[in-house]
Amino acid sequence: MRYVDEIIELVEKKNPAEPEFHQAVKEVLNSLRPVIEANEEVYRREALLERLVEPDRQIKFRVPWVDDKGQVQVNTGYRVQFNNSIGPYKGGLRLHPSVNLGIIKFLGFEQIFKNSLTGLPIGGGKGGSDFDPKGKSDREVMAFCKSFMTELYKYIGADVDVPAGDIGTGAREIGYMFGQYKKITGLYEGVLTGKGLSYGGSLARKEATGYGLLYLTEEMLKCNGKDLAGKTVCISGSGNVAIYAAEKASQLGAKVVTVSDSTGWVYDPEGIDLGLLKEVKEVKRARLTEYARARSSAEYHEGRGVWTVKCDIALPCATQNELHLEDAKALVSNGCIAVAEGANMPTTLEATEYLQKNGVLFAPGKAANAGGVATSALEMSQNSERLSWTFEEVDTKLKNIMVNIFHNLDAAAKKYGHEGDYVVGANIAGFEKVAEAMLAQGVC
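Here, residues in each chain are numbered from 1, in the same order as that chain's written sequence. With the structure being a predicted model, the display of local features is reserved for residues of pLDDT at least 70 and the display and counting of side-chain atom pairs for 80 or more, all residues being used for whole-chain, interface and lining totals. In computing side-chain properties, one takes all heavy atoms of the structure into account and sets aside hydrogens as well as water.

Engineer: How would you sum up the state of the cysteines? Please name residues and give values.
Structural biologist: Disulfides are covalent bonds that link the sulfur atoms of two cysteine residues. Criterion for a disulfide: a pair of cysteine sulfur atoms within 2.5 Å. Summed over all chains, the structure comprises 0 disulfides. Lacking any disulfide linkage, Cys311 is separated from the closest cysteine sulfur, that of Cys234, by 3.8 Å. Buried residues are those whose accessible area, probed at 1.4 Å on protein chains only, stays under 20% of the maximum for their type, while exposed residues exceed 50% and partly exposed ones sit between those limits. For Cys311, a relative accessible area of 2% corresponds to the buried category.

Engineer: Can you break down the packing of aromatic side chains residue by residue, with the values?
Structural biologist: Think of it this way: a Phe, Tyr or Trp ring, Trp meaning its six-membered ring, pairs with another when their centres are within 6.5 Å, and the plane angle makes it stacked under 30 degrees, edge-to-face over 60, tilted otherwise. The tally for this structure, following the rule as stated, stands at 14 aromatic pairs. Relative to Phe109, the ring of Phe21 lies with its centre 6.1 Å away and its plane at 85 degrees, an arrangement referred to as edge-to-face. With Phe21 in helix H2 (residues 19-31) and Phe109 in helix H6 (residues 101-117), this residue pair connects regions lying 88 residues apart in the sequence. Centre to centre, the rings of Phe178 and Tyr199 are 5.4 Å apart; their planes meet at 35 degrees, and the pair counts as tilted. Remark: Tyr199 occurs in the loop between helix H8 (171-185) and helix H9 (205-223) and Phe178 occurs in helix H8; sequence separation between them is 21 residues. Considered together, Phe178 and Tyr199 belong to a single accessibility category, that of buried residues. Joined through ring pairs, the aromatic side chains of Phe61, Trp65, Phe131, Phe144 and Phe148 make up one cluster. Above the face of the Tyr211 ring, Lys248 is positioned so that its terminal group lies 4.4 Å from the ring centre. Positioned above the aromatic ring of Trp389, the side-chain terminus of Lys397 is 4.8 Å from the ring centre. Helix and strand definitions follow DSSP, with helices as H or I runs of at least four residues and strands as E runs of at least two, each counted in order from the N terminus. To sit over a ring, a charge needs its Lys NZ or Arg CZ within 6 Å of the ring centre and within 35 degrees of the ring normal.

Engineer: Can you tell me about the pairing of strand E8 (residues 264-267), naming the residues and giving the values?
Structural biologist: Two strands qualify as a pair provided DSSP detects at least 2 bridges between them. Two strands pair when backbone bridges link them, and strand E7 (residues 255-260) and E8 are joined in this way by 3 bridges, in the antiparallel orientation. When the bridges of E8 are listed, Val259 appears paired with Val266. The loop that links E7 with its antiparallel partner E8 comprises 3 residues. Examined bridge by bridge, E8 and strand E9 (residues 299-302) share 4 bridges and lie antiparallel to one another. Looking at the pairing, Trp265 lines up with His301 of E9.

Laid out in structure tokens, this is it:
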């Protein structure tokens with residue numbers, strides 16, 4: 001049995017009932033076969049893959065808090081510190097009812113390679129809780145966040161592990177967590193990113209993942225003889241990534257016609273009204289039905305269906321495994337030329353394979369959505385130097401990072417005989433740096 005197959009079998013045996021983690025490991029390791037088989041003797045002797053798929057540590061803890069009725073609630077908190085061979089653990093905190101250990105491990109594993117691709121010295125980690133901030137008062141969110149950080153603080157630090165935001169964790173939640181960390185430790189340091197501008201946050205952080213997605217997509221199209229301007233774009237999601245992906249796509253001359261949330265989706269043939277979308281989602285924290293009510297050109301549809309709309313470019317920006325095989329078939333039949341992942345692993349393996357086999361340019365999330373963590377690392381740099389860069393400075397650095405990511409993954413794909421396969425290219429480009437560091441540091 002080949003080394004890769006042994007490790008996939010080992011992961012499934014040791015981590016039962018964690019399908020998302022299994023999926024992430026299969027996707028990465030299968031695409032790494034060319035480089036692993038070229039170095040199999042060394043990697044086997046050093047048990048490199050065994051060490052790569054086993055987190056440094058998995059932390060699970062109780063989070064008790066009191067709601068507005070005086071009732072004590074109990075949630076579960078997680079932090080998986082996966083690999084710090086190239087820098088401190090870095091990855092977001094997801095607050096969503098779907099969160100469990102398997103999802104956090106899948107996200108943390110992906111984060112290793114995503115962070116490596118940025119070219120910045122940050123390792124891979126992820127965390128969160130099954131707490132749902134939707135429908136909670138500010139006081140309830142604060143009560144949860146302070147309880148969460150009362151346990152998490154023991155395991156993090158500016159040079160150890162630097163969490164950030166993710167689904168359900170925005171500036172409000174980061175602020176409450178930072179306040180508790182500071183109170184308990186007495187330290188004012190860059191231990192969290194995505195902070196408010198008044199206490200160490202970075203300009204352009206809010207926009208970074210969405211903007212970065214478009215910078216990489218634009219470069220991918222350009223290097224394949226295509227232009228983003230004038231194209232029709234379908235986007236799923238309506239959170240931070242989706243909103244700012246839509247904004248940058250519009251700035252670059254494309255027309256965005258869809259967004260979605262957990263209950264339905266909107267099709268607006270005249271182009272999504274960004275001002276209205278921000279008001280509905282960022283100010284009111286309301287459903288997209290409000291967008292449709294306020295916009296005569298918009299059609300609201302319950303359930304799934306974003307990918308049935310005819311478009312040139314699809315940007316899944318909602319959550320994992322949202323774009324299925326039937327969606328990929330619909331996109332291909334409608335003439336879609338490119339798919340770039342704004343969310344983490346939003347496309348199933350079967351859908352990814354179908355898109356690639358049918359000539360659709362495909363940029364995986366670990367490359368395409370790396371702008372968020374890249375700008376988080378830039379926030380860490382500003383905190384370390386006690387500096388604050390302008391929006392333009394951060395945005396320029398972000399664009400350079402995303403363009404470089406594309407060229408690095410493109411080069412890696414070509415080097416190993418998989419030209420145009422950006423999944424293989426991204427995984428190899430991210431893996432090689434981590435593997436080199438692990439081997440250099442010995443068994444630890």
